[in-house]
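Observations on the three-dimensional arrangement
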Amino acid sequence: MSKIKTIFVRLFSLWYVKYAVVVVLGVAFVGFLDDNSLWAHLRNRDRISELSEEIERFDQAYRRDDAQIKELQQNPKAIERIARERFFMKADDEDIFVLSDDSPATTSENRSNETAE
């Protein structure tokens, strides 16, 4: 135990070792441990860019919806068109056919036949 103590005493008796330890601890504190560290700064910068992209998306949706509201206020036929397209509303003498591009779901019977071959 006394050998380790003498090694530490000799090591810290050098003047530049004390400064090196303080500098390393300071960089570690400023870089990683503090609330205002560089690591937190980089995370906040990434979060700001994500939020800016989200703001742009919401801005575009707002402009699109605002233009649609103006169209609905100015053109009464636009209300009928939107009701037919989005809500599948129809007149009394009409039939509506909804076409889908979805592929049919495979059933468990089809799967068992495919594995048997």
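Each value, and the rule that gives it
- Residues numbered from 1 in each chain as written.
- Predicted model: local features only at pLDDT ≥ 70, side-chain atom pairs only at ≥ 80, totals over all residues.
- Heavy atoms only, no water.
- Salt bridge = Lys/Arg side-chain N within 4 Å of Asp/Glu carboxyl O.
- Helix = DSSP H or I, 4+ residues; strand = E, 2+ residues; numbered from the N terminus.
- Axes fitted to C-alpha atoms, helices over the stretch in contact; angles between N-to-C directions.
- Parallel < 35°, antiparallel > 145°, perpendicular 65-115°, else oblique.
- Contact = heavy atoms within 4.5 Å.
- Nonpolar A, V, L, I, M, F, W, Y, C, P; charged D, E, K, R; others polar.

With that out of the way, let us pick up the pattern of salt bridges. Tallied over the entire structure, the rule returns six salt bridges. With a closest N to O distance of 3.7 Å, Glu50 and Arg47 form a salt bridge. Of the two residues, Glu50 and Arg47 both sit in helix H3 (residues 38-74), three residues apart, roughly one turn of that helix. With a shortest N-O distance of 3.6 Å, Asp59 and Arg63 are connected by a salt bridge. With Asp59 and Arg63 both in helix H3, this residue pair falls four residues apart, about one helical turn. Within this structure, Glu56, Asp59 and Arg63 form a network of salt bridges that share partners.

Our focus in this paragraph is the packing of helix H1 (residues 2-13) against helix H2 (residues 15-33). Running from amino to carboxyl end, H1 crosses H2 at an angle of 90 degrees, the nearest separation of the two axes being 5 Å. Viewed along their axes, H1 and H2 adopt a mutual orientation that is roughly perpendicular. Residue-level contacts link Leu11, Phe12 and Ser13 of H1 to Trp15, Val17, Lys18 and Val21 of H2. Considering only residue class, the contact of H1 with H2 consists of five nonpolar, one polar and one charged.

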